[in-house]
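Chain by chain, the residues run as shown.
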Number of protein chains: 2
Amino acid sequence: MEWIENGDLSFLKKRKVEAKEAAQQSVREIIARVRDEGDKALKDYTKQFDGVELGELRVPNEAIAAAYRHVPEKVIQAIRQAAENIRAFHEKQKPSSWTETVEHGVVLGQKVTPLDSVGVYVPGGTASYPSSVLMGAVPALVAGVGRVVLISPPQKNGLIAYGVLVAAHEIGIKEIYQAGGAQAIAALAYGTETIRPVDKIVGPGNLYVMLAKKQVFGDVAIDSLAGPSEIAVLADETAHPEWVAADLLSQAEHDKMSMPVLVTTSRSLAEKVDQEVERQLPALPRHEIAGPSIETVGKIVLAANLKDAAEIVNQIAPEHLELAIADPESVLPLIRHAGAIFLGMYSSEPVGDYFAGPNHIIPTNGSARYASPLGVESFVKRSSLIRYTDEALEANGSAIADFARFEGLEGHAQAVEKRMKGATVHE
Amino acid sequence: MEWIENGDLSFLKKRKVEAKEAAQQSVREIIARVRDEGDKALKDYTKQFDGVELGELRVPNEAIAAAYRHVPEKVIQAIRQAAENIRAFHEKQKPSSWTETVEHGVVLGQKVTPLDSVGVYVPGGTASYPSSVLMGAVPALVAGVGRVVLISPPQKNGLIAYGVLVAAHEIGIKEIYQAGGAQAIAALAYGTETIRPVDKIVGPGNLYVMLAKKQVFGDVAIDSLAGPSEIAVLADETAHPEWVAADLLSQAEHDKMSMPVLVTTSRSLAEKVDQEVERQLPALPRHEIAGPSIETVGKIVLAANLKDAAEIVNQIAPEHLELAIADPESVLPLIRHAGAIFLGMYSSEPVGDYFAGPNHIIPTNGSARYASPLGVESFVKRSSLIRYTDEALEANGSAIADFARFEGLEGHAQAVEKRMKGATVHE
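- Where an unreviewed UniProt entry is consulted, chain A appears under the name Histidinol dehydrogenase, with the organism given as Sporolactobacillus putidus.
- Under the UniProt heading Pathway (unreviewed entry), the entry covering chain A gives this text: "Amino-acid biosynthesis; L-histidine biosynthesis; L-histidine from 5-phospho-alpha-D-ribose 1-diphosphate: step 9/9."
- Quoted verbatim from the Function (unreviewed entry) field of UniProt, the annotation for chain A is "Catalyzes the sequential NAD-dependent oxidations of L-histidinol to L-histidinaldehyde and then to L-histidine."

Next comes the structure, spelled out in structure tokens:
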């Protein structure tokens, strides 16, 4: 891994890769064609990009049940326990409606309502991600979303991965479509003959999925624009080099562009972790992915003390942060920007990917500066409530009218004044 | 106003106007040039689009103090009271950090952190909107955002409107820049020599501002893509036609494209409101704006009963909704989609625009289906917290590793397993 000893974090600027205009243009064309031709376009693109000739877009219920025969029982049990943990954590996030009565009997408040419909995109291709089903859909279900739809590209055998179907069934999702890429996003946003449109699209995907989400944003809601996975491990001399190395590698194996960073106050630890990474890497089945991530993206950043180390972390604003230090709680208040924070030596990042309960769909590319992990809040909205009274209008109507007139909005002023001076509801 | 008696709501499809490719392209060029040339580009565009030759981009503190001489004392008082009400309401929205201890001593939770920096865009041009300063900036200040920046185009006299400067001063904002349009959004997103970039850009603006916000989205956060203002008044026979008409007109005077809709169960009320709108319209100073809105966009929709009326409102998903009915609380549970809901005869919509406390930056164009008014939540983010224990890893590590291996991520499985079987922190 590359060492940085002079505090130069300019490598962070390379994180944001601008999409080529050609990619933008093909995504525009895919979206336009799906809007025009609906199901036919979806099937044509699935043949072209996934090499699969689809009969039906919707996965029949029998196929979901049949998927259970292909998933080991211990994995089904793990999916079930993970779903329960994820549900329990997200239940804690549910916001409540409230009202309060203020001066002159005025009632103010906000009403929280779940979205009507949500589409969860689950990436496919070479791997199968049942965990993404749980992380995308469970918060929507906890929020009370009435219609939660899944969409995922078919594998070469012409079916969505078994684990994805099992995870969907475990949490009660029945509306599942086989399609991927920009065409799947367009179908969710604008609908086809088979797929009714949704109000919000969530879930990670490749560059085309991300570009499509950005283009449909505004016509529907989206969660965020996901980039390659990231981890920063802030470690002191008490950290366990073998474990830290394994955690860095667990991010590296996601993608050649994934960013594993060790930030440490201990040169001795840094050296040991560096050696451990080299030692563990070749044995990993995905070493051809993890290798380039470690060698071309991965960094070891030396910090003078924990305070400086925390500020380096804030500048990285990593998706995942491990505080592999003797007293993680003492550094936590210094951390402003990190999507998910793992405290202490036993909080290995994969614990959060699968099992602990908090969401694994987390802001990347430094967007933890301003964004949050997916959560129940992503699937509800607030409506403001205002109940004004005649008494409050008598007391404040003139101020409101003065303000409106100053902004040049006479109609606003008159709407308020018409209700003043003892006017009654019935003429 | 056009009457709709057959339940045909196809007029809603006309709300979303696709921006012309030419406009998109000029916004791309403006953003690129501001990124390349910084302050110089900003000044050039300000000369070109606003007809103003700027000396400094930043408004000097003396200009802010001097603005007070041009704003009537009663308006200053109204601004002050409004700011207090807005602050009080938004204080109620502040989310809290929390942790909980679950099985095996595992601690889970979330940490709420304000954004570091926010830019509030305040539209300018022919009018002056101090209310938008308050609505954009106060929630950010309540959230605890360290740096809140204002940007607004200069008027023909070469200065930002006095009311905007007074409102900014009242709430303690000192960093104010003179620029508007797409170039202002680009400057906030990417920075110039004078303007440091921000993490999030909020506030309404014209089509160019909206297109620029969509283009920079992903590099920074934005609030929403604002369209023309909307009001739906759901009224029964007990509503006051003169007041309902005035409220419809108050939205109509914003913009020729604003959408005022009356949804009513009473044909007699509909007729009276229609007449009242015609009677009041010519006397409004902005009748040349309100007229086209009423005539080409405005609608009167007849509903068979309050339940149907509520469903019509949900399909409109209006920015503002008035429940001008005898028992508004009885209909409120049926309303799923509306940005701000005004209950009862005295809750005129302008009360919310200026004074009551809830935000007036509210989702438009039907996006109340999935989005919320601007609020404190818009200016904070959550970080998940996970503190796992050795005991929890012994209990759950195998399930986590099984799950990871099933997804083909051996490195994830090993990171967990290395910590099991009595391994200690220090080797």
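1. Here we look at the UniProt feature "binding site: NAD(+)" (unreviewed entry) in chain A
Residues and elements named next belong to chain A.
(1) Moving on: According to UniProt, the "binding site: NAD(+)" (unreviewed entry) feature falls on Tyr 121, Gln 183 and Asn 206. Maximum C-alpha separation among the annotated residues is 12.4 Å over a sequence range of 86 residues, consistent with a single clustered spot.
(2) Moving on: Inspection of the secondary structure puts Tyr 121 in strand S4 (residues 117–121).
(3) Moving on: Relative accessible area serves as the criterion here: at 4%, Tyr 121 is assigned to the buried category.
(4) Moving on: At 2.8 Å, the side chain of Tyr 121 forms a polar contact with the backbone nitrogen of Gly 181.
(5) Moving on: As for its position among the elements, Asn 206 is in the loop between strand S7 (200–202) and helix H8 (207–216).
(6) Moving on: Within the structure, the side chain of Asn 206 is placed 3.0 Å from the backbone nitrogen of Tyr 208, a separation counted as a polar contact.

2. Re the sheet that holds strand S1 (residues 2–4) of chain A
(1) Moving on: Spatial ordering of the open sheet is given by S1(A)-S11(A)-S10(A)-S9(A)-S12(A)-S13(A)-S14(B)-S3(B)-S2(B), a layout of nine strands whose pairing is mixed. At either margin of the open sheet sits one strand with a lone partner, and together these are S1 of chain A together with strand S2 (98–101) of chain B. Between one strand axis and the next, the sheet turns through 20° on average, direction left out of account.
(2) Moving on: The pairing of strand S9 (residues 230–235) of chain A with strand S12 (residues 320–324) of chain A spans five bridges and is classified as parallel. Bridge pairing in S12(A) places Ala232(A) opposite Leu321(A).
(3) Moving on: Relative to strand S10 (residues 259–264) of chain A, helix H10 (residues 267–280) of chain A is tilted by about 150°, and along the sheet it contacts S1, S9, S10 and strand S11 (299–302) of chain A.

3. Here's the deal with the sheet that holds strand S7 (residues 200–202) of chain B
Residues and elements named next belong to chain B.
(1) Moving on: The five strands lie next to each other as S6-S5-S4-S7-S8, forming an open sheet whose pairing is parallel. Where the open sheet ends on each side, the last strands, each with one partner, are strand S6 (175–178) and strand S8 (221–222).
(2) Moving on: Bridge count for strand S4 (residues 117–121) against strand S5 (residues 147–152) is five bridges, and the pairing is parallel. Bridging across to S5, Tyr 121 finds its partner in Ile 151.
(3) Moving on: Together, S4, S5 and S7 form the strand contacts of helix H7 (residues 181–190), whose direction differs from that of S4 by roughly 175°.

4. Re the packing of aromatic side chains
(1) Moving on: Considering all chains together, one arrives at nine aromatic pairs over all chains under this definition.
(2) Moving on: Between the aromatic rings of Trp243(A) and Tyr346(A), the centroid separation amounts to 5.4 Å while the plane-to-plane angle is 55°, which identifies the pairing as tilted. Here Tyr346(A) lies in the loop between strand S13 (340–343) and helix H14 (349–354) and Trp243(A) lies in helix H9 (residues 241–252), a separation of 103 residues in the sequence. Here Trp243(A) matches Tyr346(A) in class, with each residue buried.
(3) Moving on: The interplanar angle of 40° and the centroid separation of 4.9 Å between the aromatic rings of Tyr354(A) and Phe403(B) together place this pair among those described as tilted. Linking Tyr354(A) in helix H14 with Phe403(B) in helix H15 (residues 390–406), this pair reaches from one chain into another.
(4) Moving on: The buried category is assigned to Tyr354(A), whose relative accessible area is 1%.
(5) Moving on: Accessibility expressed as a relative area gives 0% for Phe403(B), which makes it buried.
(6) Moving on: The ring of Tyr45(A) carries the charged tip of Arg33(A) above its face, separated from the ring centre by 5.0 Å.

5. Quick word on the domain arrangement of chain A
Residue and element names in this part refer to chain A.
(1) Moving on: Along its sequence, chain A is carved into domain 1 (2–16 + 227–370) and domain 2 (38–97 + 114–222).
(2) Moving on: Using C-alpha coordinates to define each centre, domain 1 is positioned 29 Å away from domain 2.
(3) Moving on: Facing 10 residues of domain 1, the contacting portion of domain 2 comprises 14 residues.
(4) Moving on: Here domain 1 and domain 2 share an interface that buries about 1,000 Å² over both sides, 63% of which is from carbon and sulfur atoms.
(5) Moving on: Applying the counting criterion to the domain 1 and domain 2 interface returns zero salt bridges.
(6) Moving on: Applying the counting rule to domain 1 against domain 2 returns four residue pairs in polar contact (both at pLDDT 80 or more).

6. Structural notes on the relation of the copies chain A and chain B
(1) Moving on: Between chain A and chain B, which share one sequence, the superposing operator has a rotation angle of 180° and an axial displacement of 0.0 Å; the RMSD is 0.0 Å. In the structure described here, the two chain copies are related by an operation that fits a two-fold rotation axis. Minimal C-alpha distance to the rotation axis in chain A is attained by Lys214(A), lying at 4.1 Å.

7. Focus on helix H16 (residues 410–417) of chain A
Side chains of residues three or four places apart in an α-helix project in the same direction, reflecting 3.6 residues per turn.
(1) Moving on: Counting buried residues in H16(A) gives six out of eight residues, a clear majority hidden from the surface.
(2) Moving on: If you check which residues of H16(A) are buried, you get Glu410(A), Gly411(A), His412(A), Ala413(A), Ala415(A) and Val416(A).
(3) Moving on: The secondary structure elements touched by the buried residues of H16(A) are helix H15 (390–406) of chain A together with helix H9 (241–252) and helix H14 (349–354) of chain B.

8. Quick look at H7(B)
All names here are of chain B.
(1) Moving on: Of all 10 residues in H7, nine are buried; the element is thus mostly enclosed.
(2) Moving on: Gly 181, Ala 182, Gln 183, Ala 184, Ile 185, Ala 186, Ala 187, Leu 188 and Ala 189 are the residues of H7 that are buried.
(3) Moving on: Those residues of H7 that are buried are in contact with helix H1 (21–37), helix H2 (39–50), S4, S5, S7 and helix H8 (207–216).
(4) Moving on: Positive phi shows up at Gly 191, right after H7, with a value of about 80°.

9. Quick notes on the UniProt feature "active site" (unreviewed entry) in chain A
Residue and element names in this part refer to chain A.
(1) Moving on: In the numbering used here, UniProt assigns the feature "active site" (unreviewed entry) to Glu 319 and His 320.
(2) Moving on: Mapping Glu 319 onto the fold places it in the loop between helix H12 (306–316) and S12.
(3) Moving on: Beyond its immediate sequence surroundings of up to four residues, Glu 319 is in contact with Ser 229, Glu 230, Gln 251, Ala 338, Gly 339, Ala 340, His 360, Ile 362, Pro 363 and Thr 364.
(4) Moving on: Among the polar contacts listed, one links the side chain of Glu 319 to the side chain of Ser 229, at a separation of 3.0 Å.
(5) Moving on: Examined against the element boundaries, His 320 turns out to sit in strand S12.
(6) Moving on: Of note is the side chain of His 320, whose polar atom sits 3.5 Å from the side chain of Gln 251.

10. So, the packing of helix H4 (residues 73–91) of chain B against helix H6 (residues 162–170) of chain B
Residue and element names in this part refer to chain B.
(1) Moving on: Contact geometry for H4 and H6: axes closest at 10 Å, N-to-C directions at 45°. Compared by their axis directions, H4 and H6 come out oblique. Here H4 and H6 pass one another in a crossing that is right-handed. Facing Ile 76, Ile 79 and Arg 80 of H4, the residues of H6 in contact are Gly 163, Val 166, Ala 167 and Glu 170.
(2) Moving on: Tallied by class, the residues present in the contact of H4 with H6 amount to four nonpolar, one polar and two charged.

11. Overview of unusual backbone geometry
Residue and element names in this part refer to chain A.
(1) Moving on: Positive phi, close to 50°, is recorded for Ala 317, a residue that is not glycine.
(2) Moving on: Residue position: Ala 317 is located in the loop between H12 and S12.
(3) Moving on: Since its relative accessible area comes to 0%, Ala 317 is described here as buried.
(4) Moving on: You will see that Asn 365, though not glycine, has its phi angle at about 60°, which is positive.
(5) Moving on: Note that Asn 365 resides in the loop between H14 and strand S14 (380–387).
(6) Moving on: The buried category is assigned to Asn 365, whose relative accessible area is 17%.

12. Section: the interface of chain A and chain B
(1) Moving on: At the junction of the two partners, chain A supplies 127 residues and chain B supplies 127 residues.
(2) Moving on: Its largest share of buried area at the contact with chain B, chain A owes to Tyr346(A), Arg382(A) and Arg419(A), together 8% of the area lost on that side.
(3) Moving on: At the surface where chain A touches chain B, the tally comes to 18 salt bridges.
(4) Moving on: Residues Asp402(B) and Lys74(A) are paired through a salt bridge, measuring 3.5 Å at the closest nitrogen-oxygen approach.
(5) Moving on: Our count for the contact surface shared by chain A and chain B stands at 72 residue pairs in polar contact (both at pLDDT 80 or more).
(6) Moving on: Considering every element that reaches the side of chain A that touches chain B, the biggest residue donor is H15(A), with nine residues.

Reading the values: the criteria
- Residue indices follow the written sequence of each chain, beginning from 1 at its first position.
- The order in which chains are written sets their letters, starting at A; the order in which ligands are written sets their numbers, starting at 1.
- It should be noted that, the model being predicted, local features are given only for residues of pLDDT at least 70 and side-chain atom pairs only at 80 or more, the latter also being counted only at that level, while totals for whole chains, interfaces and linings use all residues.
- Only heavy atoms go into the side-chain values, all of them from the structure, while hydrogens and water stay out.
- UniProt positions are given in the numbering used here, feature names are shortened, and annotations may be inferred rather than shown by experiment.
- By definition, any uninterrupted DSSP run of H or I lasting at least four residues is a helix, any uninterrupted run of E lasting at least two residues is a strand, and each is numbered from the N terminus.
- Accessibility here uses a 1.4 Å probe with only protein chains present; expressed as a share of the type maximum, an area under 20% marks a residue as buried, one over 50% as exposed, and anything in between as partly exposed.
- Nitrogen and oxygen atoms within 3.5 Å of one another constitute a polar contact, given that in protein one can donate a hydrogen and the other can accept it, and given that sequence-neighbouring residues count only through two side-chain atoms.
- Strand pairing requires that DSSP identify at least two bridges connecting the strands.
- Axes here mean lines fitted to C-alpha atoms, for a helix over just the part in contact, with angles spanning 0 to 180 degrees between N-to-C directions.
- By the convention used here, residues are in contact when the closest approach between their heavy atoms is within 4.5 Å.
- A pair of Phe, Tyr and Trp rings is counted when the ring centres sit within 6.5 Å of each other, with Trp represented by its six-membered ring. The angle between the planes then sorts it: under 30 degrees is stacked, over 60 is edge-to-face, the rest tilted.
- The criterion for a charge sitting over a ring is simple: Lys NZ or Arg CZ within 6 Å of the ring centre, and within 35 degrees of the ring normal.
- These domain limits were set by an automatic method or by a database of domain assignments.
- Two parts placed together each lose some accessible area under a 1.4 Å probe, and the buried area is that loss summed for both.
- One speaks of a salt bridge when a side-chain nitrogen belonging to Lys or Arg is within 4 Å of a carboxyl oxygen belonging to Asp or Glu.
- A least-squares superposition brings the copies together, and it is based on the C-alpha atoms of residues with pLDDT no lower than 70 in both.
- When describing relative orientation, an angle under 35 degrees is termed roughly parallel and one over 145 degrees roughly antiparallel, while 65 to 115 degrees is termed roughly perpendicular and anything else oblique.
- Throughout, a crossing is termed right-handed when the near helix is turned clockwise from the far one, and left-handed when it is turned anticlockwise from it by less than a right angle.
- Three classes are used, and their members are as follows: Ala, Val, Leu, Ile, Met, Phe, Trp, Tyr, Cys and Pro are nonpolar, Asp, Glu, Lys and Arg are charged, and the others, Gly among them, are polar.

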